[in-house]
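Coordinate analysis (summary)
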Amino acid sequence: MSGNADPGTPGKGTTTRARLDRGRGALGPALELVHTGRAPTRAVLTAELGVTRATAGAVAAELEALGLIRVDARPGAAAGSQGRPSHRLAVAEDGPVALAAQVHADGFRAALVGLGGRIVATTPGCEVVDADPAKVLGSVVAAGAELLRETGRRCVGAGLAVPSAVAEPEGLALNPLHLAWPAGAPVREIFTEQVRAAGLDGPAFAANDVNLAALAEHRHGAGRGSRDLLCVATGHRGVGGALVLDGRLHSGSSGLALEVGHLPVSSGGRPCHCGSRGCLDVETDPLAFLTAAGRAPGPEVSLLKHADTLIREHYDDPAVRAAAESLIDRLGLGLAGLVNILNPDRIILGGLHGTLLDADPDRLRAVVADRSLWGRSGSVPILPCTLAHNSLVGAAELAWQPVLDDPLGALA
Ligand SMILES: [Zn+2]
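Calculation notes
- Residues numbered from 1 in each chain as written.
- Predicted model: local features only at pLDDT ≥ 70, side-chain atom pairs only at ≥ 80, totals over all residues.
- Heavy atoms only, no water.
- Salt bridge = Lys/Arg side-chain N within 4 Å of Asp/Glu carboxyl O.
- Helix = DSSP H or I, 4+ residues; strand = E, 2+ residues; numbered from the N terminus.
- Buried < 20%, exposed > 50% of the residue type's maximum accessible area, 1.4 Å probe, protein only.
- Donors = N, O, S within 2.8 Å, 3.2 Å for Na, K, Ca; no water.
- Tetrahedral: all angles 85-135°; square planar, octahedral: opposite > 155°, others 65-115°.
- Pairing = 2+ DSSP bridges.
- Contact = heavy atoms within 4.5 Å.
- Axes fitted to C-alpha atoms, helices over the stretch in contact; angles between N-to-C directions.
- Core = buried A, V, L, I, M, F, W, Y, C linked by side-chain atoms within 4.5 Å.
- Domains from an automatic or database assignment.
- Buried area = accessible area lost by both parts, 1.4 Å probe.
- Polar contact = N/O pair within 3.5 Å; in protein donor to acceptor, adjacent residues only side chain to side chain.

Taken as a whole and assessed by the stated rule, the structure comprises 16 salt bridges. One salt bridge in this structure joins Arg88 and Asp72, with 3.1 Å as the shortest N-O distance. Taken together, the residues Arg88 in strand E2 (residues 88-91) and Asp72 in strand E1 (residues 69-72) connect sequence positions 16 residues apart. Take Arg88: its relative accessible area is 32%, and that puts it in the partly exposed class. Close ionic contact of Asp228 with Arg227 constitutes a salt bridge, the shortest N to O distance being 3.4 Å. Judged by its relative accessible area of 18%, Asp228 is buried. Judged by relative accessible area, which is 54%, Arg227 ranks as exposed.

Dropping the structure here:
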């Protein structure tokens, strides 16, 4: 890993240092404001933190010295909230990155993600996912380590997204239903071992892919500003859900909350791997769509890509349209149940569900309104996810969190 940032930058005036001592507790909150785009100028940062201009200036200077943000003091910078020119703040373009890894039913993807949820580099890996988690996690970490070598970036840590509920505190993949992995595989421990074996420092984390997608969308995408955010998404196979409450992922007592894939939405529907029938998971995922549309899953593209392309490019085909409407109705029924229970202020849909929403937003919103108590009385905004690779961006958020909590402590 390369790059270095010295928090004790020589030449800093003692006045600045004294101000920073007062403002040190504000470093993390300040970084989070810039990271999430909520403090585009120093004037806004000052107001958001509730500190003096001098303290905000010292805090911004320290974050810049750590190589995390860029302070642009050029004349002509955008006006601040008081109408006077204020220094512009942005995440550092060439700053450190987190290594993000995702495993899905059709392979894996590795990425380097900077602050601001910016993907600096990414590489896909298409392969039959090995039944041994160590093999595929070794491949994805090796791909990420290669990206680090190519870019020469400093790495703050690593995060992994998996298509399974991840039980805490042990970090076990409880139900990797669409992978051949053994149930209860200790994925966080295995991922950490692979990260260390690749010679990388920093903490390593693992979590469910839809939880991470929701976290990323809340901070950088379609969920920004939402207080009770419900996310429902398909992966390449299956369906997951997540809830972000007051900016924090609601993970339940042991990390297993929001297992929405097994809500029944079709009595007497398809048998599900959970033992029940007609679950959201098997009634509204990419395979369900292709089956309903009478299309054989092609071996050359992923199920998700195949289904997505059919809906986006062949919606005038009656079989495609009928299949999409059938899935929309079942998805709407599932969302209606969740709206009654959770009372979200926004719903975001990812994977094929986002595509179904784009295809016929009025139909989906009507089903949710008709079939839910709260949906009828007030409309819940339903939006598609907006970030590319949101599970990867979310995996990076895990690795960034210690830096956001304590920038000096994590990087010094
Ligand atoms: Zn099920």
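Looking now at the coordination of the zinc ion. Coordination of the zinc ion by the protein comes from His262 (ND1), Cys272 (SG), Cys274 (SG) and Cys279 (SG), over a distance range of 2.0 to 2.3 Å. One can describe the donor arrangement at the zinc ion as tetrahedral, given that its 4 donor atoms subtend angles of 106 to 120° at the metal. A relative accessible area of 22% places His262 in the partly exposed class.

Moving on: the sheet that holds strand E12 (residues 248-249). Strand order in the open sheet formed by 5 strands is E12-E11-E10-E13-E14, and the pairing between neighbours is mixed. Edge strands, defined here as strands with exactly one partner in the open sheet, are E12 and strand E14 (382-384). Summarising the sheet, strand E10 (residues 228-234) and strand E13 (residues 346-350) pair through 5 bridges and their orientation is parallel. Its bridge partner being in E13, Cys231 is matched across the sheet by Ile348. This element, helix H7 (residues 209-220), spans E10, strand E11 (239-245), E12 and E13 of the sheet and lies at about 40° to E11.

With 37 residues, the main nonpolar core has Leu31, Leu45, Leu63, Leu68, Ile69 and Trp400 as its most contacted residues. When residues of this core are assigned to their parent elements, the largest contribution, 8 residues, is made by helix H15 (residues 390-405). Residue assignment places this core across two domains, with domain 1 (22-71 + 86-92) and domain 2 (95-209 + 388-409) each supplying three or more. With residues up to four places along the chain from it excluded, the contact list for Trp400 reads Leu68, Pro96, Val97, Ala98, Val113, Gly114, Leu115 and Val156.

Time to look at the environment of Pro169. Relative to the helices and strands, Pro169 resides in the loop between strand E7 (166-167) and strand E8 (172-173). A residue is classified by how much of its surface remains accessible, and Pro169, at 62% relative accessible area, is exposed. Separated by 86 residues in sequence, Pro169 and Gly255 place their C-alpha atoms 8.0 Å apart.

Another aspect to go through is the domain arrangement of the protein chain. Looking at the protein chain, the domain boundaries give domain 1 (22-71 + 86-92), domain 2 (95-209 + 388-409) and domain 3 (223-382). Distance from the C-alpha centre of domain 1 to the C-alpha centre of domain 2: 29 Å. Buried surface at the junction of domain 1 and domain 2, both sides included, amounts to about 1200 Å², of which 68% is carbon and sulfur. When residues of domain 1 are sorted by the area they lose upon contact with domain 2, His35, Leu68 and Val91 head the list and together hold 43% of the total. Counting across the domain 1 and domain 2 interface gives 0 salt bridges. Scanning the region where domain 1 abuts domain 2 turns up 3 residue pairs in polar contact (both at pLDDT 80 or more).

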